[in-house]
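# Structure at a glance
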Amino acid sequence: MNTDVQPPIAKKIPYKLEKHNDVRIDNYYWLNQREDPEVVAYLEKENEYYQKMTAHTKKLQEDLFQEMKSRIKEDDTSVPYFYNGYYYITRFETGKDYPIYARKKGSLDAQEEIMFDCNEMAKGHSYFNLNGISVSEDNEWCSFGVDTVSRRQYTIKVKNLKTGEILPEAIENATGSTAWASDNKTFFYTKKDPQTLRSDKIYKHILGTEPAKDELVFHEKDDTFYTFVYKEKSKKYLVIGSTSTLTSEYQVLEANDPSGKFRVFQKRVRGVEYSISHFGDSFYILTNKDKATNFKLMKTPEKATTSEHWVDLIPHRKEVLLEGIDIFKDYLVVEERSNGLNKIQIRPWSREEPYYLPFESETYTAYTTTNPDFDTELLRFAYQSLATPSSVIDFNMRTKEKAVLKEQEVLGGKFDKNNYQEERIWATSEDGTKVPVSLVYRKGVQKDGKNPLLQYAYGSYGSSMDPWFSTTRLSLLDRGFIFAIAHIRGGEDLGRDWYEDGKLLKKKNTFTDFIDCSEYLIKEGYTSREHLYAEGGSAGGLLMGAVANMAPELYHGIIAQVPFVDVVTTMLDDSIPLTTGEYDEWGNPNDKEYYDYMLSYSPYDNVKTQDYPNMYISTGLHDSQVQYWEPAKWVAKLRDMKTDKNLLFLDTNMDAGHGGASGRFEALKELAKEFAFLLDLEKIKE
């Protein structure tokens, strides 16, 4: 390691921020000018410092990259799914970064039609993402969205699948997804506010017309909501949805009447969330109405959709979170969560008894996948665990037979799932709450406190961190690492209350749960302070910033990816993408109670004069979710105030945004940097 290299020191320009008679001085506020050459120069100096300080790990990074790449089946193909007369397939070719989307008419033996080759489309772009592929009912037209900047602002275009021609009309600044009417010439789409990137307007486009003249169908004026449009699985209805963190509202229109007017399904009531699925002559409604905290399933006639007509089909259960449904001609499939585990229940529409799919382990994830066909006995679902590669399975709901269509291949000839141990343990948090932790490691690991352990969590927005299999993670496990997922409050892992207990004025439970899980892992001998590492991204990066301030002595190293760390300033700036829609998650700091609470944990505001762990912090210059200046300011302040000689790196991808690099192999290079950071701290070279 090069000890002669000095880190860049950001200049201080005091900037006064005042709210509720409280004055904060932000010395690094100037870093939020993305176009300022001085800002770019500072970020580039940080990158240069990181490169020089880690030059000795370059070979390790390359070895890790090649090792991770060698496990991936390069010429991989998705399991085809059948929809409206065609089999749809996504495949990758050896040596290529991007997917190829194709279809075959009527049979898998039919000639392949390539719809999109993203490798060709991505040429000349440092970032490329295709999304929202949507085919008209006559199978002739396909709309799609393209983003070449990584700010999630897509340009919608339309391709004639018979001639291969792409129409000249292009719709800018959209979400990318569309919903076709049944006339095969009209589609509806969502545009974003150019400043905040909030999805706020639904338009109607007719093929062959000028996009500038498209009719505005709906404008979501409440800036805490975002809007979207889609077509029901039954194809009978087009649906406009409006949702905020706590409230939802839908509007419906018959798909064969694109010139008609959308009608409100049930107008918004603050605190009432619902989602709808059409089947037969009814709508099925998943909702938390009537204080159904963990949600219930209700039903209403399609011509009488307001809530006084809704009747219970599956009542609310205190211990079971209802997560989703899939409707088939003869079956209702229900996705639930209890005791932190996914359950899939099959309920025949006939009077036969409902039953659950059997799963044995406690560290698995199972969920239904692509099921666009109504009239089938087959349910397609996916299964994986921390040590079991992902499988796609067709389950016959009548005969109960299952066929594994595909298990993710791990190439290289070295992987055997029997070499790994999985377990779920429960740590007790400071308020007595039991928090589950999922673990995986190589068999034979001793609980002597000497194992390096990487503890990962997210803990926001009710996002559950279900255990997942990772071929890249094997590079750590095979070098002696234990990997742990802490299922902390703020996620929905143990039901809706688990989320409610980790947001707003209870947000600190997320941080203390993570710290308490760390202390439990140390106490039980899985690891020790000298070998414990923490990792989180985005809102999980906020978690990393909070634990770095609150319990720096517990961790030898921390990885924070695109971290949301400047909470108060960001939440006070309603011009930043996402801010207003986030009030129900974090609180609105224009209210003093929330301002004070946020200020008490905001990582940037709470950096203090103390020792900090070794830290690797990454961001993207064009990130639309967490602006690059949050981690940049955080690092500048840490450099100024920390009292240790531990490593502190800021690594900014000058071409990408929130998701990092877009190519599948480029993304591995970013992961190789993180793994090399950990292995170098552990002095593990091979």
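Here is a short report on the structure shown in this document. (Residues numbered from 1 in each chain as written. Predicted model: local features only at pLDDT ≥ 70, side-chain atom pairs only at ≥ 80, totals over all residues. Heavy atoms only, no water.)

Read across the sheet, 4 strands follow the order β3-β4-β5-β6 without closing on themselves; strand pairing throughout is antiparallel. The open sheet has two edge strands with one neighbour each: β3 (81-83) and β6 (112-117). Each adjacent strand pair in this sheet contributes to an overall mean axis angle of 30°, direction not counted. With 5 bridges connecting them, strand β5 (residues 100-105) and β6 associate as antiparallel partners. In the sheet register, Lys-104 faces β6, and the bridge partner there is Glu-112. (Pairing = 2+ DSSP bridges. Helix = DSSP H or I, 4+ residues; strand = E, 2+ residues; numbered from the N terminus. Axes fitted to C-alpha atoms, helices over the stretch in contact; angles between N-to-C directions.)

Another point: the pattern of salt bridges. Counted by the stated rule, this structure contains 54 salt bridges. In this structure, the salt-bridge partner of Arg-442 is Asp-478, at a minimum N-O distance of 2.9 Å. Linking Arg-442 in strand β31 (residues 434-442) with Asp-478 in the loop between α4 (474-477) and β33 (482-486), this pair joins segments that are 36 residues apart in sequence. Take Asp-478: its relative accessible area is 38%, and that puts it in the partly exposed class. Among the charged side chains, a network of salt bridges with common partners joins Glu-273, Glu-492, Arg-496, Glu-500 and Lys-503. (Salt bridge = Lys/Arg side-chain N within 4 Å of Asp/Glu carboxyl O. Buried < 20%, exposed > 50% of the residue type's maximum accessible area, 1.4 Å probe, protein only.)

A separate point is the pairing of strand β10 (residues 171-180). Most of β10 sits inside the fold, with 8 of its 10 residues counted as buried. With 2 bridges connecting them, strand β9 (residues 154-160) and β10 associate as antiparallel partners. The residue bridging Ile-156 from the neighbouring strand is Ile-171, located in β10. Pairing of β10 with strand β11 (residues 186-192) involves 4 bridges; the strand directions are antiparallel. Bridge pairing in β11 places Trp-180 opposite Phe-187. Counting the residues between successive antiparallel strands, the hairpin from β10 to β11 contains 5 residues, one of them, Asn-184, with a positive phi of roughly 65°.

A word on the sheet that holds strand β29 (residues 402-407). Read from one edge of the open sheet, 4 strands run β26-β27-β28-β29, paired in antiparallel fashion. In the strand order of this sheet, the two ends are held by β26 (364-368) and β29, each with one partner. On average, each strand axis in the sheet is inclined to that of its neighbour by 25°, with strand direction left out of account. As defined by bridge partners, β26 adjoins strand β27 (residues 378-385) across 5 bridges and the pair is classed as antiparallel. Note that in β27 the partner of Thr-368 across the bridge is Phe-381.

Moving on, we get to the environment of Lys-235. As for its position among the elements, Lys-235 is in the loop between β14 (226-231) and β15 (237-243). Contact partners of Lys-235, with chain neighbours within four places excluded, come to Tyr-83, Asn-84, Glu-137, Ser-182 and Ala-255. (Contact = heavy atoms within 4.5 Å.)

Before going further, it helps to spend a moment on the environment of Thr-209. Mapped onto the fold, Thr-209 is located in the loop between β12 (199-206) and β13 (215-219). Note: C-alpha distance between Thr-209 and Asp-147 (62 residues apart in sequence) is 23 Å.

Here we come to the packing of aromatic side chains. Tallied over the entire structure, the rule returns 45 aromatic pairs. With a centroid separation of 6.1 Å and 65° between ring planes, the pair formed by Phe-359 and Phe-381 is classed as edge-to-face. Within this pair, whereas Phe-359 is found in the loop between β25 (355-356) and β26, its partner Phe-381 is found in strand β27, the two being separated by 22 residues in sequence. No difference in accessibility class separates Phe-359 from Phe-381, as the two residues are buried. Three or more aromatic residues link up through ring pairs in this structure, and these residues are Tyr-226, Phe-228, Tyr-230, Tyr-237, Tyr-250, Phe-265, Tyr-274, Phe-283 and Trp-310. (Phe/Tyr/Trp six-rings, centres within 6.5 Å; stacked < 30°, edge-to-face > 60°.)

Across its 16 residues, helix α6 (residues 508-523) extends 22 Å between first and last C-alpha, which sits within 8% of the 22 Å expected from 1.5 Å per residue. By the burial criterion, the buried members of α6 are Asn-509, Thr-510, Phe-511, Thr-512, Asp-513, Phe-514, Ile-515, Asp-516, Cys-517, Ser-518 and Leu-521. Following α6 by one or two positions, Gly-525 adopts a phi angle in the positive range, close to 85°. (Expected span 1.5 Å × (residues − 1).)

Bringing unusual backbone geometry into the picture now. For Asp-290, which is not a glycine, the phi torsion comes out positive at approximately 60°. Here Asp-290 lies in the loop between β19 (282-287) and β20 (296-301).

On to the environment of Asp-644. Mapped onto the fold, Asp-644 is located in the loop between α11 (629-641) and β37 (648-653). Judged by its relative accessible area of 13%, Asp-644 falls in the buried class. Each C-alpha atom of the pair Asp-644 and Pro-358 lies 52 Å from the other, and the pair is 286 residues apart in sequence. Dropping the residues within four chain positions of it, Asp-644 is found in contact with Gln-610, Asp-611 and Tyr-612. A polar contact of 2.6 Å, which involves the side chain of Asp-644, links it to the side chain of Lys-642. Among the polar contacts listed, one links the side chain of Asp-644 to the backbone nitrogen of Asn-646, at a separation of 2.7 Å. (Polar contact = N/O pair within 3.5 Å; in protein donor to acceptor, adjacent residues only side chain to side chain.)

Turning our attention to the pairing of β11. Counting buried positions along β11 gives 6 out of 7 residues, so the element sits mostly inside the fold. Pairing of β11 with β12 involves 7 bridges; the strand directions are antiparallel. Bridge pairing in β12 places Phe-188 opposite Lys-204. Linking β11 back to β12 in an antiparallel pair, the connection comprises 6 residues, with Leu-197 at a positive phi of about 65°.

The method is simple in principle: a probe with the dimensions of a water molecule rolls over the atoms, and the space it marks as empty is what remains. Under the criterion given, the structure shown has 3 cavities of 30 Å³ or more. Its volume calculated, the largest cavity comes out at about 90 Å³. In terms of lining, the largest cavity is formed by 15 residues, of which the most central are Thr-54, Phe-649, Ala-676, Phe-677 and Asp-680. Counting only elements with at least two residues in the lining of the largest cavity, the list comes to α1 (37-53) and α12 (664-681). It is α12 that contributes the most residues to the lining of the largest cavity, 5 residues altogether. Of the volumes computed, that of the second largest cavity is approximately 80 Å³. (1 Å grid on protein atoms, 1.4 Å probe; cavity = no way out; pocket = protein on both sides within 12 Å on 5 of 7 lines; lining within 4 Å. Points joined across faces, edges and corners; volume = space filled by probe spheres on them.)

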